[in-house]
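So the chains spell out like this:
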Amino acid sequence: MENHPLYSKVQAALDSIRPYLIADGGNVEIVEITEDNRLKLNLLGACKSCNMSAMTFKAGVEEAIRREVPEIISVEELSQTVQS
């Protein structure tokens, strides 16, 4: 995955918002960047169970990525789609 041409740009975009996530006990990790530039992420720590995580993801994480890496065509948060 680190070999994907957009990996370092996505990491840099995430690094710009990581301090805010970490301050609240959370974080975010890249799970996959597909060949067609779809990004799959996982919220970690407090972000995973926070009732504001959907807003954090949309307004914070996804917005930072779309602003810095316009080549990414979609951003998906995997822990929100896991079925029990």
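Details of the structure are given in the entry above.
Cut-offs used in this document
Residues numbered from 1 in each chain as written. Predicted model: local features only at pLDDT ≥ 70, side-chain atom pairs only at ≥ 80, totals over all residues. Heavy atoms only, no water. Pairing = 2+ DSSP bridges. Helix = DSSP H or I, 4+ residues; strand = E, 2+ residues; numbered from the N terminus. Axes fitted to C-alpha atoms, helices over the stretch in contact; angles between N-to-C directions. Contact = heavy atoms within 4.5 Å. Expected span 1.5 Å × (residues − 1). Bend = angle between axes of the 7 residues up to and from the residue. Buried < 20%, exposed > 50% of the residue type's maximum accessible area, 1.4 Å probe, protein only.

Caption draft 1: Here's a closer look at the sheet that holds strand 2 (residues 38-45). Here we have three strands laid out as an open sheet, ordered 1-2-3, and mixed in their pairing. Each edge of the open sheet carries a strand with a single partner, namely strand 1 (26-33) and strand 3 (74-77). The average undirected angle you get between the axes of adjacent strands in this sheet is 30°. Pairing between strand 1 and strand 2: seven bridges, direction antiparallel. Bridging across to strand 2, glycine 26 finds its partner in glycine 45. Docked against the sheet, helix 1 (residues 7-23) engages strand 1 and strand 2, running at close to 160° with respect to strand 1.

Caption draft 2: Focus on unusual backbone geometry. Positive phi, close to 65°, is recorded for asparagine 37, a residue that is not glycine. Looking at the element boundaries, asparagine 37 is found in the loop between strand 1 and strand 2.

Caption draft 3: Region of interest: helix 3 (residues 53-68). The end-to-end C-alpha separation of helix 3 is 21 Å, in line with the 22 Å expected for 16 residues at 1.5 Å each. Of all the bends in helix 3, the greatest measures close to 35° and is centred on glutamate 62. For helix 3, the complete set of buried residues consists of Ser53, Phe57, Val61, Glu62, Ala64 and Ile65. Those residues of helix 3 that are buried lie in contact with helix 1, strand 1, strand 2, helix 2 (46-49) and strand 3.

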